[in-house]
Amino acid sequence: MPTGPLRTGTVIVTLLGLLVSCAAPSKTASPTTATMATPSSTPRSAGLAVDSNPGGSPLMLAWQTSGAPGHPMQDPIHLAADPGGNIYVGSATLTGRVQVFDPNGQFLMAWGANGSGDGEFSFPLGIGIDANGNVFVADFDKVLVDKFDATGKFLISWPTEPPIGPAGVAVDGQGNVYVVNHRTHHHQVQKFDGNGKLLAQWGANGSGDGQIGAGASSGPEDLAVDQYGNVYVADRVNDRIEKFDTNGTFLATIGTQGSAGLGRLSGPGDVTVDGHGNIYVLDANGLQKFDSSGAFVTAWSRTGPLQDAGEVMADTRGNLYVNTDKILEKFTQSSS
């Protein structure tokens, strides 16, 4: 969960000079790749449960891992799953790596490096994956979206327009890439095709329907897309989730604004949607679940293995993946 402009444990970003011009063309593929295979790790499974409130299914801890020898978790940020169910974890440290785990928590590989060149990272925040396994990483400092293949080979990059700080990334079933901008005064969602062509953009500072953030306050950090292409934005400043259609038309607000409690959101920083359309929101008080219509279902408090939850991602079956500063966890539900 974020505190201030970015979540606790993340290096605090100062809004320094932008590294990329708005007019900069997309960069083409580098002939090299930063992929490196390493021995798998053995995840730990504690079998712990986090009870829901009110009734509903508890979350059962299936496994947790801190990475493989030589590749420890270091300030993991947003999560994404590929078509095979493998989990990709971005790292917001100077190592600038993406780590990949299989659905059982076994470490598969890590790739990426810190730097300013093609396919290198300065401050990666968002990560998304399309149906072909291509990986899209939003770099807040470089103000770029980088595209890689499933092995970590750099393909292309493009700037957000105008060049402002990209944070969360989500990809729909047609391969369109949605990016939410976090930098102050430019709280927008931008929609690109898979090659960086801008298709749509929407949002403006404010607290009205369809507006995101407020004034000079730090903006949203995450968004999600459901199976129908609807887009969900975690509006942390206004204590709500906003739902848009694929072209940016405002549809609904999820969660009651302004205070903590069941169905009420307090600084939501992360949102995800499972294959049934259920919506999960991580805020200051814990993890809450809403159904596809936006009605509150249940909540899990920040206790036990959820105590230090930073981000959450749901897979198509309703399994939940949560990261802390150093650990990746998988939870199952008895129903979704």
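About the thresholds
- Residues numbered from 1 in each chain as written.
- Predicted model: local features only at pLDDT ≥ 70, side-chain atom pairs only at ≥ 80, totals over all residues.
- Heavy atoms only, no water.
- Phe/Tyr/Trp six-rings, centres within 6.5 Å; stacked < 30°, edge-to-face > 60°.
- Helix = DSSP H or I, 4+ residues; strand = E, 2+ residues; numbered from the N terminus.
- Buried < 20%, exposed > 50% of the residue type's maximum accessible area, 1.4 Å probe, protein only.
- Pairing = 2+ DSSP bridges.
- Salt bridge = Lys/Arg side-chain N within 4 Å of Asp/Glu carboxyl O.

Draft legend 1. Structural context of the packing of aromatic side chains. For the structure shown, the criterion picks out 11 aromatic pairs. Judged by centre distance (5.6 Å) and plane angle (65 degrees), the rings of F121 and F148 are edge-to-face. Residue F121 is found in the loop between β11 (107-111) and β12 (124-129), and its partner F148 is found in strand β14 (residues 144-148); the two are separated by 27 residues along the sequence. Residues F121 and F148 agree in their burial class; the two are buried. The structure contains a cluster of three or more aromatic residues connected by ring pairs, namely W111, F121, F148 and F154.

Draft legend 2. Expanded view of the sheet that holds strand β4 (residues 49-50). Read from one edge to the other, the open sheet built from five strands follows the order β4-β5-β30-β29-β28, with strand pairing classed as antiparallel. Each of the sheet's edge strands pairs with one partner strand only, and the pair in question is β4 and β28 (311-314).

Draft legend 3. Structural view of the pattern of salt bridges. Within this structure, the stated rule accounts for three salt bridges. The closest approach of N and O atoms between R236 and E221, which form a salt bridge, is 3.4 Å. In this pair, R236 sits in the loop between β21 (231-235) and β22 (240-244) while E221 sits in the loop between β19 (198-202) and β20 (223-225), placing the two residues 15 residues apart along the sequence. Neither R236 nor E221 differs from the other in exposure class; each is buried. Note that E242 is salt-bridged to R240, the shortest N-O span being 3.3 Å. Each member of the pair, E242 as well as R240, carries the same accessibility label: buried. Look at the salt bridges and you will find they share partners, linking D235, R240 and E242 into a network.

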